[in-house]
Amino acid sequence: MTKILIRALRFLHWYLGEISGDAAYDRHVDRHRREHPGAPAPSRREYERDRARHREHHPASRCC
Amino acid sequence: MSARGSNRRRTTPASILGWSCVGLAGAVAWGVLALSRGERVSAVWLVVAALGSYAIAYRFYARFIVRRALRPDDRRATPAERLADGVDYEPTDRRVLLGHHFAAIAGAGPLVGPVLAAQMGYLPGTIWIVAGVIFAGAVQDMVVLFLSMRRDGKSLGQMVREEIGTVGGIAALVSVLAIMIILLAVLALIVVNALARSPWGTFSIAATIPIALFMGVYLRFLRPGRVVEASGIGVALLLGAIVAGDWVDHSALASAFTLSPTTLVFCLAGYGFVASVLPVWLLLAPRDYLSTFMKIGAITLMAAGVLVTAPHFKAQAVTRFASSGTGPVFSGSAFPFLFITIACGALSGFHALVASGTTPKLIRKESQVRMIGYGAMLMESFVAVMALAAACVLDPGLYFAMNAPAGLLGPTVQTASQAVTHLGFSISPEQLHAAASAVGENTLVARTGGAPTLAVGMSQILSTFGGASMKAFWYHFAIMFEALFILTTVDAGTRVGRFMLQDMLGNIWKPAARINWKPGIWLSSALVVSAWGYFLYVGATDPLGGVNQLFPLFGIANQLLAAIALTLCTTVLIKSGKLRWAWITGLPLAWDVAVTFTASWQKIFSGDPRVGFFAQRHTYATALHAGKVLAPAKTPAAMHTVVLNSTVDGVLMATFLLLVTIVIANAAWVCLRAIRSPSQLPLAEAAYVESGLDIGAGRGELVTSGAGGVGPSK
């Protein structure tokens, strides 16, 4: 029972992180390390600013 | 012969038994809904009928379409894999993408249309919502998503241009912009009607702006990127704002938040402009997070409320307005007007813009279009079913007192009570007064637009949790989330509209297209806001009732966009040599064309001044010439307004119809050429590239997400 509960909570934690974009930075760092080993990864602040700048020019439709 | 592993699984006796039970439960529920007359019917039957139908449709019909017509290949790399840049393109876990896609397609639309359609009873609306989504809406979403995914995530307009032709492409582009303007105006009108003269509601919605700004600053400077954290704080503040609204309502501040519809129109237009020119991180992005979390929470709460309390319907199964066409909420008979009033939840053309926008760039495996395209639309349909249930548990007398136009109901509870009796239902002035004070409002008379009705229905259902004293809280909770969804759509829509306009203006004068050139941004934002602001103002001041006049225009526009999307789907199926399966999108297209063209035709040419815009214009213009004033107009100036509004609406309707006719005619010609041509016509699909992801996983539906694979252990 507790096992199921823990798994459910872990899933919820993971899902919230993914759906909100919280986890995007970690993924970006992983990717950066793989593709440019040696080069320092951007800080979270820099990364989020880049993301916001991108969003500025790529508005997504929301339906009704 | 691709990775259709799941489709080759053996059917076991257990699964046959299981699916038979699902089918049986759904069939019994439909039987109860359809055959009960004069008995008390529980809303649970509605839920069972809908869920049973969705399950069967998803398991059998959607899979049939995928296997026969779309034939996805999980060994073919999706654009998310081929073009992965970690920004626009990124292979995303299917459950996460389902959440994103659902949040992007579902908003206030499925909450509003069914409430208005409840004037014809619960049965016609239910049948259309469920049958419409299974055979039309979800099919459209899934096929458009598939086509866009095969074309690197191209937009609907681009696909129409490439697969149908330049003329059709331009017509589609212009229609998209025009339809979006009407959509934003009608949604904003719903907010205006919900907040007019309601200090509680106005205060709590106004509070969302500083809350969003705070979240924006928090995410930018204090704790960059911690969205869950910031949203948690935001939601808590939001609930606090609803509670505080009660206090404001009873304080000296109340008068400052008691705004007339006209004042609210200017507030909303001003807000729309500011939101469009401010940096996204400051207002738009945080509001979007708030809206998404509230969406999931509120919808879950609504479903739980209906299931736990199992309320009974007070509305009739079918009212006489379904056939007579004399309903006060919107004019015209069930065919075609019911089918355009309920758009979102059954068939919504606007989804084609989302399905050809962000989502196709994030799909990990081709076969996942069924879950994401078809599945998300089923979920939206379920939201619409819930909204219909919430409207139908209300007493019909109260329903009509809230939803008939102000001109018909008159200014007081006494006149409203008389008007409702005249319609064939009953509610006393005392009951009307009591219903309003129970939810903490001054009046509920003529609170058109659907949002207040849904809020009263929800407060009635949810007051099981927390008792009657919580009714006012739940009412304002419902108003708050509906307004929040709408304002998010208005923010995003104004911005999308601005970019489209800048793009179009850029063809005439280059600097206008520069996305960083401030005067260009201001000018195009102002143009988009004034366009929807004009229709919003017209709606808020229309003597005949703005919702009554504009909602059909919105519904027709949305369904005409669906006609464009389904035309594209059918054309591509025929061009790719699948004529045999073209009926899958061809039949819903034929139905949609029958509905929208009949509705537009009646709106333009009907001799009945309640239905036809030009007949309405003629009646009022003739009376004006003769020096008479026709009710519900009270002054010659109001008569002039009616004449002007019906002219504008009629011309707009005709323009929409013409644009869509051009797209369909162009497509018909292409289809004919494709059928006659001995060889296959060229398609604009991206070339085949072998996938390197999840080889051998078969179903293409995996647990890990993204490049980092941070999913929970299996």
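Each remark here, short or long, concerns the structure printed above.
Read on for a plain summary of the structure. (Residues numbered from 1 in each chain as written. Chains lettered and ligands numbered in written order. Predicted model: local features only at pLDDT ≥ 70, side-chain atom pairs only at ≥ 80, totals over all residues. Heavy atoms only, no water.)

**Digging into the overall build of chain B**
Across its full length, chain B holds 27 helices and 0 strands. Relative to the 2.2 N^0.38 estimate, which gives 27 Å for 714 residues, the radius of gyration of chain B is 25 Å and therefore close to what a compact globule would have. Considering only C-alpha atoms, chain B reaches an extent of 70 × 60 × 55 Å along its principal axes. As displayed, chain B has an accessible area near 25600 Å², and 66% of this comes from carbon and sulfur atoms. Charge separation in chain B, taken as the distance between the mean sites of 51 positive and 32 negative side-chain charges, equals 6 Å. (Helix = DSSP H or I, 4+ residues; strand = E, 2+ residues; numbered from the N terminus. Rg over C-alpha atoms; globule rule 2.2 N^0.38 Å. Areas by Shrake-Rupley, 256 points an atom, 1.4 Å probe, with all protein chains shown as cover. Lys, Arg positive; Asp, Glu negative; His and termini not counted. Charge placed at Lys NZ, Arg CZ, Asp CG, Glu CD.)

**A closer look at the layout of surface pockets**
Residues and elements named next belong to chain B. Counted as a void, the second largest pocket has a volume near 910 Å³. In terms of lining residues, the second largest pocket is bounded by 37 residues, among which Arg197, Pro261, Ala406, Ala446 and Ala540 are the most central. When residues of the lining of the second largest pocket are traced back to their parent elements, those giving at least two are α8 (166-195), α11 (261-277), α18 (406-409), α23 (518-541) and α24 (546-575). Each residue belonging to the lining of the second largest pocket can be placed in one class, and the counts come to 17 nonpolar, 15 polar and 5 charged. (1 Å grid on protein atoms, 1.4 Å probe; cavity = no way out; pocket = protein on both sides within 12 Å on 5 of 7 lines; lining within 4 Å. Points joined across faces, edges and corners; volume = space filled by probe spheres on them. Nonpolar A, V, L, I, M, F, W, Y, C, P; charged D, E, K, R; others polar.)

**As for the packing of helix α1 (residues 13-35) of chain B against helix α2 (residues 43-70) of chain B**
Residue and element names in this part refer to chain B. Contact geometry for α1 and α2: axes closest at 8 Å, N-to-C directions at 140°. Put simply, α1 runs oblique to α2. Read as a crossing pair, α1 and α2 show a hand that is left-handed. Where α1 approaches α2, its residues Trp19, Val22, Gly23, Ala25, Gly26, Val28, Ala29, Trp30, Val32 and Leu33 are matched on the opposing element by Trp45, Leu46, Val48, Ala49, Gly52, Ser53, Ala55, Ile56, Arg59 and Phe60. Here the contact of α1 with α2 is built from residues that sort into 15 nonpolar, 4 polar and 1 charged. (Axes fitted to C-alpha atoms, helices over the stretch in contact; angles between N-to-C directions. Parallel < 35°, antiparallel > 145°, perpendicular 65-115°, else oblique. Left-handed = near helix turned anticlockwise from the far one by under 90°. Contact = heavy atoms within 4.5 Å.)

**Comments concerning the packing of aromatic side chains**
Residues and elements named next belong to chain B. Taken as a whole and assessed by the stated rule, the structure comprises 33 aromatic pairs over all chains. Considering the side-chain rings of Phe473 and Phe477, the 6.3 Å spacing of their centres and the 20° angle between planes classify their relative orientation as stacked. Of the two residues, Phe473 and Phe477 are both situated in helix α22 (residues 471-508); the distance of 4 residues between them amounts to about one turn of the helix. For Phe473, a relative accessible area of 16% gives the class buried. The interplanar angle of 85° and the centroid separation of 5.5 Å between the aromatic rings of Trp474 and Phe477 together place this pair among those described as edge-to-face. (Phe/Tyr/Trp six-rings, centres within 6.5 Å; stacked < 30°, edge-to-face > 60°. Buried < 20%, exposed > 50% of the residue type's maximum accessible area, 1.4 Å probe, protein only.)

**A look at the packing of α8(B) against helix α27 (residues 636-676) of chain B**
Residue and element names in this part refer to chain B. At a closest axis distance of 9 Å, the pairing of α8 and α27 adopts a crossing angle of 145°. Regarding α8 and α27, the two cross each other, and that crossing is left-handed. Contacts between α8 and α27 pair Val167, Gly168, Ala171, Ala172, Val174, Ser175, Ala178, Ile179 and Ile182 from the former with Leu652, Phe656, Leu659, Ile662, Val663 and Asn666 from the latter. Tallied by class, residues from the contact of α8 with α27 come to 12 nonpolar, 3 polar and no charged.

**Thoughts on a nonpolar patch on the surface**
A contiguous nonpolar surface patch, about 310 Å² in accessible area, is contributed by Leu5(A), Leu9(A) and Leu12(A). By secondary structure assignment, the location of Leu5(A) is in helix α1 (residues 2-20). (Patch = residues over 30% accessible without salt bridge, like charges linked within 9 Å, V, L, I, M, F, W, Y side chains within 5 Å. Salt bridge = Lys/Arg side-chain N within 4 Å of Asp/Glu carboxyl O.)

**Regarding the interface of chain A and chain B**
Between chain A and chain B, the residue contacts involve 30 residues of the former and 65 residues of the latter. Approximately 4100 Å² of surface area, both sides summed, lies buried where chain A meets chain B, with 57% of it carried by carbon and sulfur atoms. Here chain A is connected to chain B by 4 salt bridges. When the shortest N-O distance is used, the salt bridge between Arg55(A) and Asp288(B) registers 3.1 Å. On inspection of chain A and its partner chain B, the count reaches 16 residue pairs in polar contact (both at pLDDT 80 or more). (Buried area = accessible area lost by both parts, 1.4 Å probe. Polar contact = N/O pair within 3.5 Å; in protein donor to acceptor, adjacent residues only side chain to side chain.)

**Notes on the environment of Ala343(B)**
All names here are of chain B. Within the secondary structure layout, Ala343 lies in the loop between α14 (334-341) and α15 (351-355). Take Ala343: its relative accessible area is 3%, and that puts it in the buried class. With residues up to four places along the chain from it excluded, the contact list for Ala343 reads Ser348, Asn558 and Gln559.

**With respect to empty space enclosed by the protein**
All names here are of chain B. All chains considered together, the criterion is met by 6 cavities of 30 Å³ or more. What the second largest cavity holds in volume is close to 80 Å³. Forming the boundary of the second largest cavity are Ala118, Ala315, Gln316, Thr319, Ala391, Cys392, Leu394, Pro396, Tyr399, Phe400 and Phe425. Of all elements in the fold, only α16 (369-392) and α17 (396-403) reach the threshold of two or more residues within the lining of the second largest cavity. Broken down by element, the residue count for the lining of the second largest cavity peaks at 3 residues, all from α17. When the residues that make up the lining of the second largest cavity are grouped by side-chain class, the tally is 9 nonpolar, 2 polar and no charged.

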